[in-house]
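Examination of the molecular architecture
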Amino acid sequence: MDADYDVHEIVKVIRDFWLIDAESYQRQYHTTQNQPLATGYYVVAWPDTIRIRRFNVQASFYGPFNLRQEAQAFLATMQEHKYRLIKLHKSWALSAPNADLIEEQEVA
């Protein structure tokens, strides 16, 4: 079953290659490095051109965050600054296929 997610989604990685999405469904995920993500909350983003959004190599995972509120605050900053305030820190962008296209600026 495919889902039509928003452009951004907050998920919780619960174990290797498994996460809980915003609708509380347990789903498998895949990363560009084919490595599992650390457990925690992530903001997931897809390119605007992707209509059916899956948790695969087209998705960029930003995190992990210990608390959902931290992921929500990061997402709010992304939206407030139209995605331009993403500072690609080694603990944030673990699967960013278009990382070179993102303008880096300091996040307060």
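For the structure, check the block above.
This report concerns the structure included in the present document.

Basis of the calculations
- Note that residues are indexed from 1 along each chain, following the sequence as it is written.
- In view of the model being predicted, local features appear only for residues whose pLDDT reaches at least 70, and side-chain atom pairs are presented and counted only at 80 or more, with totals across whole chains, interfaces and linings using the full set of residues.
- Each side-chain value is worked out from all heavy atoms of the structure, with water and hydrogens disregarded.
- Each residue is placed in one exposure class: buried if its accessible area under a 1.4 Å probe, protein chains only, is under 20% of its type's maximum, exposed if it is over 50%, and partly exposed if it falls in between.
- Working definition: helices are DSSP H or I runs of at least four residues, strands are E runs of at least two. Numbering for both runs from the N terminus.
- Paired strands, as defined in this entry, are two strands with at least two bridges between them according to DSSP.
- The set of buried Ala, Val, Leu, Ile, Met, Phe, Trp, Tyr and Cys residues whose side-chain atoms join them within 4.5 Å is what this entry labels a nonpolar core.

1. Comments concerning the pairing of strand 5 (residues 60-65)
For strand 5, a buried count of 5 out of 6 residues is recorded, marking the element as mostly surrounded by other parts of the structure. Pairing of strand 4 (residues 40-45) with strand 5, which is carried by 4 bridges, proceeds in the antiparallel orientation. Residue pairing across strands places Val43 opposite Tyr62, the latter belonging to strand 5.

2. Topic: the nonpolar core
Grouped together as the largest cluster of nonpolar side chains are 11 residues: Val11, Val13, Leu19, Tyr29, Leu37, Tyr42, Val44, Trp46, Phe55, Ala59 and Phe61. Listing elements by their share of this core, those giving two or more residues are strand 1 (8-15) and strand 4. Listed in part, the 10 residues of the second largest apolar core include Tyr41, Val43, Ala45 and Phe65.

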